[in-house]
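# Close look at the chain arrangement
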2 protein chains.
Amino acid sequence: MHRVQVELGERSYPIDIAPSLLQQPECLLRTYRHVIIISNDTVAPLYLESVKSLFEVSQLHTFLLPDGEAYKTLEQFGHIMTFLLEHKFPRDGLLVALGGGVVGDITGFVAACYQRGADFIQIPTTLLSQVDSSVGGKTAVNHPLGKNMIGAFKQPQQVLIDTDVLTTLPSREFAAGMAEVIKYALIADADFFSFLEQHTSTIQALDSEVIGRMVQHCCQMKADIVAMDETEQGQRALLNLGHTFGHAIEAWLGYGRWLHGEAVAAGMVMAARVSMHRGWLTQAELDRICALLQRFGLPIEPPEGMVIADFMPFMKTDKKVRAGQMRFVLPTAFGYSKVIDDVNDSELQSIFA
Amino acid sequence: MHRVQVELGERSYPIDIAPSLLQQPECLLRTYRHVIIISNDTVAPLYLESVKSLFEVSQLHTFLLPDGEAYKTLEQFGHIMTFLLEHKFPRDGLLVALGGGVVGDITGFVAACYQRGADFIQIPTTLLSQVDSSVGGKTAVNHPLGKNMIGAFKQPQQVLIDTDVLTTLPSREFAAGMAEVIKYALIADADFFSFLEQHTSTIQALDSEVIGRMVQHCCQMKADIVAMDETEQGQRALLNLGHTFGHAIEAWLGYGRWLHGEAVAAGMVMAARVSMHRGWLTQAELDRICALLQRFGLPIEPPEGMVIADFMPFMKTDKKVRAGQMRFVLPTAFGYSKVIDDVNDSELQSIFA
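Residues numbered from 1 in each chain as written. Chains lettered and ligands numbered in written order. Predicted model: local features only at pLDDT ≥ 70, side-chain atom pairs only at ≥ 80, totals over all residues. Heavy atoms only, no water.

On inspection of all chains with the given rule, the structure shows 38 salt bridges over all chains. Here Lys147(A) and Glu250(A) are joined by a salt bridge, their closest N and O atoms 3.4 Å apart. Of the two residues, Lys147(A) is situated in strand β8 (residues 146-153) and Glu250(A) in helix α9 (residues 243-253); the sequence distance between them amounts to 103 residues. Glu250(A) carries the same exposure label as Lys147(A), and that label is buried. One salt bridge in this structure joins Arg30(B) and Asp119(B), with 3.7 Å as the shortest N-O distance. On the criterion of sequence distance, the pair formed by Arg30(B) in the loop between β2 (13-18) and β3 (34-40) and Asp119(B) in strand β6 (residues 119-124) is long-range, its members being 89 residues apart. Salt bridges sharing partners connect three or more residues here, namely Glu69(A), Lys72(A), Asp105(A), Lys147(A) and Glu250(A). (Salt bridge = Lys/Arg side-chain N within 4 Å of Asp/Glu carboxyl O. Helix = DSSP H or I, 4+ residues; strand = E, 2+ residues; numbered from the N terminus. Buried < 20%, exposed > 50% of the residue type's maximum accessible area, 1.4 Å probe, protein only.)

Attention now moves to helix α10 (residues 260-277) of chain B. With 18 residues, α10(B) should reach 26 Å at 1.5 Å per residue; the first-to-last C-alpha distance of 26 Å fits that figure. With 15 of 18 residues buried, α10(B) lies mostly within the body of the structure. (Expected span 1.5 Å × (residues − 1).)

Residue and element names in this part refer to chain B. The seven strands lie next to each other as β1-β2-β9-β6-β5-β3-β4, forming an open sheet whose pairing is mixed. With partners counted over all chains shown, the strands left at the sheet margins are β1 (2-6) and β4 (59-65), one partner each. Across the sheet, the mean angle separating the axes of adjacent strands is 15 degrees when strand polarity is ignored. Across four bridges, β2 lies against strand β9 (residues 158-162) in parallel orientation. Counterpart to Ile15 in the pairing with β9 is Val159. Packing against the sheet, helix α2 (residues 74-86) makes contact with β3, β4 and β5 (94-99), and its axis sits at approximately 160 degrees to β4. Sheet strands touched by helix α3 (residues 101-113): β3, β4, β5 and β6. Its angle to β5, the strand with the most contacts, is close to 170 degrees. (Pairing = 2+ DSSP bridges. Axes fitted to C-alpha atoms, helices over the stretch in contact; angles between N-to-C directions. Contact = heavy atoms within 4.5 Å.)

Moving on, we get to the relation of the copies chain B and chain A. Mapping chain B onto chain A calls for a screw motion: a turn of 180 degrees about the axis and a shift of 0.0 Å along it, with 0.0 Å RMSD after fitting. One copy is carried onto the other by what is essentially a two-fold rotation axis. Most of the interface of chain B is mirrored in chain A, where 100% of its interface residues are also at the interface. (Least-squares fit on C-alpha atoms with pLDDT ≥ 70 in both.)

Right under this line is the structure:
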């Protein structure tokens, strides 16, 4: 088993990564009297029984969401709250998020707000949530006017990553997770980029050892960044590489049309194009980025018909905006990124015309 | 001007208390580019213009709620979120809560969750919110199945208390605020109880000097408790004296029938009756409590027709419940209270039969 510790003082917690972890009840750090599992109708038939059997508890209930980003709403948040209250879920109970980013984000936000705070653990079942959204305590629901606009910072008590669950993940979802994996390499680790290039086939074959190393590496990078900057005052914003463009794509298309990771992939290429325009990346480096994304079947262009003017309204309400100025995470060299706050409309127009 | 500092490390903030404070723009600690004032349709006609003129800012908008506890809902929370997004309110803007506990609680919760956290200041316009709900960072909305069930701990940047606004407060609302004032005396300060007995007439006449001292004293007591125990792991629960019974009254009647303070007044008498039954208070002390509450026109009995069995379902989902056991704040002597966790159904039935 790989263990990555997220160091946040009294809110510290471990991320445990192993094949067959859901067969190991001893992986749980502590017991609770009342447990509610929140999952969706795709994941539950596959893993709910395993997860239930982790807990020896008299009071255990399950709430299932419909599958998909379209259900990460304030309305579903309200339905879960009603369910918890109907089942007299106490503040000292445990919520379990069993699913991908949608389930993890909404469950975490429920845990943040239920009676002003209950415990929860993350059991991420997609590659994307294993390497990114389950770690670090960002929780939220979407609003029709913007993604993740309503949320909280709420750290889980534990993250359990069973890498075997990736065997049932649709290949399109696996690819979307690879976008976030590649993101880590572009933020701060050119060696990791080479590792991914060299192991593309074994990764796609879900080789247990390579996948374990890859997931651990991403979790460790994220844990380090979150430990430095839990509430995104600075460094943590780097994790948004590709996300400013990506969120605009998701919002413009309507949530759920493209997967989050697909939008991030196209967004990273757009960010890299801005960097190339500024002389920070070469054409060859841009080509390497596009090639790796494409080997995992990821898009490297915005959706058909979406022009730069369509991005603007969404990017101007991005959470990174400060004092009215858009802020982008851009590669300033290959395997090195920074938050840049002097990109303006005309520069974007000239690059993406 | 009285200033009470709430000491919470980097989340510390001042509570400033003075007559005519809303005429003094220099009372603001810092400036913002974008301000949104949230108020209600009763308070806005009286004080919105004064508050607007505190801010010299290009972007200032106002969102008005209907007046009343019935609107402290997840639905209204969603409406405010939509309003903020429609007005492109940035994460580095300022929300201003201008009103009583309902406006303060919902605005604080919006501030906690909007883009995972924005700044806000409290301008409480009721006695209850001045002495209690505007201080300490408890924010929430109600759910049909329980009061304040959805919320967060979110400290404001500043609390501005203009005691002149009490002149326009309906007398029933003033009395409800006095219930929370009397609560502080019963929690931990028998001398303050005597002060209130001696100054009943000057308090009711809104004598500026006595009111200023009284509000400052309550804010100081609350600030001290919150500084020790921000998220209510222990000591802070004492502030819930009368609230376990009181919340049941509000929920059973339907929110808004009785004012929160009225329910707390009747709840404190119920708590005092349990204490007397246990030999912690004398009949004479109980009579003193009832007499002071009645001098301010507050109820000392539950609503007509509400029997102890009606309280049970609400008290069993109270946020203080731990490991399935109800917990009550009870006076264990006159001017001294504790959290007690061995009160059971049969004891309550025998006292309130």
